[in-house]
Amino acid sequence: MRISWRQQLLLNPHLCDFDQWPLIALDQVPKKDQKDFLRNKKIVAKVLAGHQLTQVAKEHNLSEGRITQILDRALGSEEDAPPALTAGLIPGRIIVKKQRKQPLPTLTEELGAGCAFSALLRDVPGLLKGLDDVLVPYIAEKNYAQNISPQSFHSEFKRLLKEAHWPTDTYPYTTENTAYESVRRYLHERMKILVKEKDQTKRNQTSRVPRPLKKTFRAKRAVQIDEHKLDLGSRINLVLNDELIPLRIGMISVLVAMDVDTTATLGFWLAQTNAPNQQDLLALIENCITPWTPMTLQTPGFSYEPGACFPSALPDTPISFGMTRMDNAWIHSALSVTHILCNKMGGTVALGLPANPKIRHLIESVFNFINKNFSHRLPSTTGSYPTDPKRESRINRKKPPVITFRTVLEALSIILTSYNIITRAQLGHASPLSLFQHHCTNHYVRYSPSIITNQWQPFINEKIVALCWYRHENRAPFVNFAGTRYSGPGLWDAVENQKLIRIRFDRRRIRTIDAYTLDGVSLGKLYAPASWQRFEHSRATRKLLLKLTRKDRLSRQDPLSDYLHLLLENKDNPKDALSLLRIFTEFTDYQDSALIMDGVLNEQQSISNHSTTTRWNRKMANHRE
Amino acid sequence: MSIHKEASFNMFAAQQVKIKGDVMEPTQHVITRNFKTATDFYTRHMLKHPFLSEFHSYSELLYAALLEGDPTVISYVPQPFHLQIGKRHYKPDVYVLREKQRRQVIELKPRGEMDETLRVPLFHYFKKHRIDFEVLSNEAVMERRTEAENWLEIIQILVEARHLTTTKEEQQVWERLFKNQGCTLREIVDSGNREGTYSLEVALFRLLHQGHVVAELSEKSLDYDTVFQCA
């Protein structure tokens, strides 16, 4: 039953106060209706204020009946529905859902097709359910579901009508295309509703226990780590045969660690690859726990902001990781990573649910900070997506970018340390660094003494291996490690009474490893075969080169030189140029000279020296340097 | 009445489900790499399960921390058995060994609701092996979140210092607590000289872990004003 405006006011007396009605700004109403909307508002306000209908009608030059109509439109409603209120005062606004009251048109009696389709859905038994039965399996991605298009849906609609024995002289058979357009519109509307329902159900099913608000805020409690490919092209300068060759290198990755409760960045590592490996992650951990010292900045105009640093530079605050939150990339679940974080530091590794980056929103915000303040500001940026207008122009793309690798490294160091001294509202207008310091001095925060932190060497690993000796072949005893045989004079001492020995190695330098008996007696150094002695190299590089050797892309006599040569031949390819930089850094044992490939160069430090002595003197390949 | 009859019939049927597996030696069953990426995965070194322990949800991790803090618990094993119930594979969440109590197998579930077709046969199967089977709600664990997080912090310190000998320091701390009828953490740990008082700090937490010392950890996070007393 419909309630009139007078009854509505008696039932809901609070509606008598026009101020309590929902506000609709005048500019939200179509311009042509604004005048009448304002007039209607005045009329309702006056009536609610107690003015007589006759008087109001006279003031606005309307009949009393019209005034009642306006009031009924705003305040009248069905028993179980709320009144339209302010929305009802907008002229022409549909406030009641239209329903067809007339019978459906037939061939003999054409009554117009207004609201005929919704009446059809209401009247034909099983039509609504039948259409839903077609849509629901499609949305649920069932294997038996039909792929739905407007055409196929319309066919289903016609089939259901036939099954219901719907008279063929009645709507929709009275229209030219059997209500195709109405079916199409219904399909899209219904799909929206069903998809929303599905999402809602899914969300309810997957919703985890609502966690109570976090009470503990403490430095070093939790750390977030992630990798980000820098949206930036850069270059290295290669000196070859006394000629300076600028080369474009592929996109490099930055790994950042961040303390969650203080939002301080703990450190970063610039990986010379677009696919970092566990060694890069270990390098990041090492950077975070080693006391930070500012870089010697070589780029003109660059300088650190006063007081900007990473927390490891603060006095008497050794960094350790509590709960380390990362995504579930395979490098994060590497044994070497869990070994340092769980076994040595005693912390937790949390890999989180898949496809939930918002759990680690802080670290993502740091990458946004890097993009905004650095990588997207340079003309050699790749932008965030293929059609980003910021993307490097086609003309510039043909030339190597102006910015060098060394400059990128320095810029990131400056940006991430300055991030720590920016005051933030959510930290009570304190900077992350000062808050970190405050927590460490005023609250109980986990402390690791030097006797323990000295043992945290992320790159140093130990392994127990079998000691092999083929006596009948008259060969020296050896151990198998990293795909090759290692031997050394010390093994002769253990070969008679030891079957297993312990080896200790640095993942970045595996030309030589240290050997010990299981009792801890040193057996001296073990050496890799001569073919792997040309340059210092990491375990990851060894693995890659062994793979390439097996595919016969590199010689087995000197794979290290061959790989360097292969990269030099393909140096114009940005990816190979990037690999060249990475390999060169490794081969030069991570010394500063590794970075001579960009920035200021001199002949003695140049790669040409290495390449001339190594690549073109193949006889050296079988000899130890 | 008819509902009861039907329920008891189903229960009887559930008891008849065949369960295969070995519950004599509880050993942590390590999950596959694919499963690791599909769950809310946590791993860390614990003390009462002195290996790298794996947990498949935050509630499981917190529950393990609470077991560490419970002095009646001798040891526990996460994901202790791999059972086959009919055609389904099942790994319970944790196996707990307590002092002077029957062995327990605990399953953590949202709202403590577990499929009856699994719960009933498991209950009877473990009963046959003289093990209690219980289903706990995640919510009950989350309510004790502060306490569990405090224990996680303490366990981290103890794991980090597991090679350190503190017998003498434990005696010193115990005597001081006994003499003063309790102390705050500040009185034992010198905030200006953490390196110098590190052994005392570890000794205090070891006593706490062994149940010789008690502290209020359920309301506030561990801080210098936390009071420690002899148990």
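Residues numbered from 1 in each chain as written. Chains lettered and ligands numbered in written order. Predicted model: local features only at pLDDT ≥ 70, side-chain atom pairs only at ≥ 80, totals over all residues.

Some points on the overall build of chain B
A tally of helices and strands in chain B yields 9 helices and 12 strands. Each principal axis of the C-alpha distribution contributes one length, and for chain B these read about 70 × 40 × 30 Å. In chain B, which comprises 231 residues, the proportion classed as buried is 35%. (Helix = DSSP H or I, 4+ residues; strand = E, 2+ residues; numbered from the N terminus. Buried ≥ 20, exposed ≤ 12 C-beta atoms within 10 Å, placed from the backbone.)

A few points about the sheet that holds strand 10 (residues 460–468) of chain A
All names here are of chain A. The 6 strands are arranged 12-11-10-13-14-15 in an open sheet whose pairing can be described as antiparallel. Each edge of the open sheet is held by one strand with a lone partner, namely strand 12 (484–486) and strand 15 (522–527). Ignoring which end each strand starts from, the neighbouring axes of this sheet average 35 degrees apart. Across 4 bridges, strand 13 (residues 500–506) lies against strand 14 (residues 509–516) in antiparallel orientation. Paired with Ile 503 across the bridge in strand 14 is Ala 515. (Pairing = 2+ DSSP bridges. Axes fitted to C-alpha atoms, helices over the stretch in contact; angles between N-to-C directions.)

Quick notes on the interface of chain A and chain B
Listed by partner, the interface residues are 29 residues for chain A and 32 residues for chain B. Mapped onto the side of chain A that touches chain B, the elements with two or more residues apiece are helix 10 (335–344) and strand 9 (348–352) of chain A. A per-element tally of the side of chain A that touches chain B places strand 9 of chain A first, with 5 residues. Class assignment for the residues of the side of chain A that touches chain B results in 13 nonpolar, 12 polar and 4 charged. (Contact = placed C-beta atoms within 7 Å. Nonpolar A, V, L, I, M, F, W, Y, C, P; charged D, E, K, R; others polar.)

Observations regarding the nonpolar core
When a protein is soluble and globular, its nonpolar side chains tend to lie buried together. Ranked by internal contacts, the top residues of the largest apolar core, which has 137 residues, are Leu 255, Val 256 and Leu 284 of chain A together with Ala 64 of chain B. Among the elements that line this core, the one with the most residues is helix 13 (residues 405–419) of chain A, at 9 residues. Contacts of Leu 284 of chain A, omitting those with residues within four sequence positions, involve Ile 225, Leu 255, Ala 257, Gly 267, Phe 268 and Trp 269 of chain A. Judged by nonpolar contacts, the second largest core, of 14 residues, contains Leu 104, Ala 116, Phe 117 and Val 183 of chain A. (Core = buried A, V, L, I, M, F, W, Y, C linked by C-beta atoms within 7 Å.)

Notes on the confidence of the model for chain A
Scored by pLDDT, chain A has a mean of 87; 92% of the residues are at 70 or more. For residues 593–625 of chain A, every residue scores under 50 in pLDDT, and the model assigns this stretch 60 contacts once sequence neighbours within four places are set aside. (pLDDT = per-residue confidence, 0-100.)

Focus: the environment of Leu 185 of chain B
Along the chain, the position of Leu 185 of chain B falls in helix 8 (residues 185–188). Setting aside chain neighbours within four positions, we find Leu 185 of chain B in contact with Tyr 444 of chain A together with Asp 223, Tyr 224, Thr 226 and Phe 228 of chain B.

A look at the domain arrangement of chain B
Partitioning chain B into domains gives domain 1 (14–142) and domain 2 (161–230). Inter-centroid distance (C-alpha atoms) of domain 1 of chain B to domain 2 of chain B is 32 Å. (Domains from an automatic or database assignment.)

Remarks on the pairing of strand 7 (residues 265–271) of chain A
Taking burial as the measure, the 7 residues of strand 7 of chain A include 6 buried ones, the bulk of the element. Hairpin connection from strand 6 (residues 253–259) of chain A to strand 7 of chain A: 5 residues lie between these consecutive antiparallel strands, with Thr 263 of chain A at a positive phi of about 60 degrees.

What to know about unusual backbone geometry
Residues and elements named next belong to chain A. That bond from Tyr 171 to Pro 172 is cis: its omega, 15 degrees, falls within 30 degrees of zero. Mapped onto the fold, Pro 172 is located in the loop between helix 7 (150–163) and helix 8 (180–206). The backbone phi angle of Lys 220 is positive, close to 70 degrees, even though this residue is not glycine. In this structure, Lys 220 sits in the loop between helix 8 and strand 3 (222–229).

Examining the environment of Pro 400 of chain A
All names here are of chain A. Considering the arrangement of structural elements, one finds Pro 400 in the loop between helix 12 (394–397) and helix 13. Taking the C-alpha atoms as reference points, Pro 400 and Arg 502, 102 residues apart in sequence, are found 48 Å from one another. Dropping the residues within four chain positions of it, Pro 400 is found in contact with Arg 235, Pro 246, Leu 247 and Arg 248.

Concerning the environment of Thr 108 of chain A
All names here are of chain A. Take Thr 108: it is sitting in the loop between strand 2 (77–78) and helix 5 (116–123). Assessed through the 8 C-beta atoms surrounding it within 10 Å, Thr 108 is described here as exposed. Spatially, the C-alpha atom of Thr 108 lies 84 Å from that of Leu 580, the residues being 472 residues apart in sequence.

Observations regarding the packing of helix 3 (residues 58–69) of chain B against helix 6 (residues 145–160) of chain B
All names here are of chain B. At a minimum axis separation of 8 Å, helix 3 and helix 6 run at an interaxial angle of 70 degrees. Here helix 6 runs roughly perpendicular to helix 3, going by the angle between their axes. Where helix 3 abuts helix 6, its residues Leu 62, Ala 65, Leu 66, Glu 68 and Gly 69 lie against Arg 145, Glu 147, Ala 148, Trp 151, Leu 152 and Ile 155. Within the contact of helix 3 with helix 6, the residues separate by chemical class into 7 nonpolar, 1 polar and 3 charged. (Parallel < 35°, antiparallel > 145°, perpendicular 65-115°, else oblique.)

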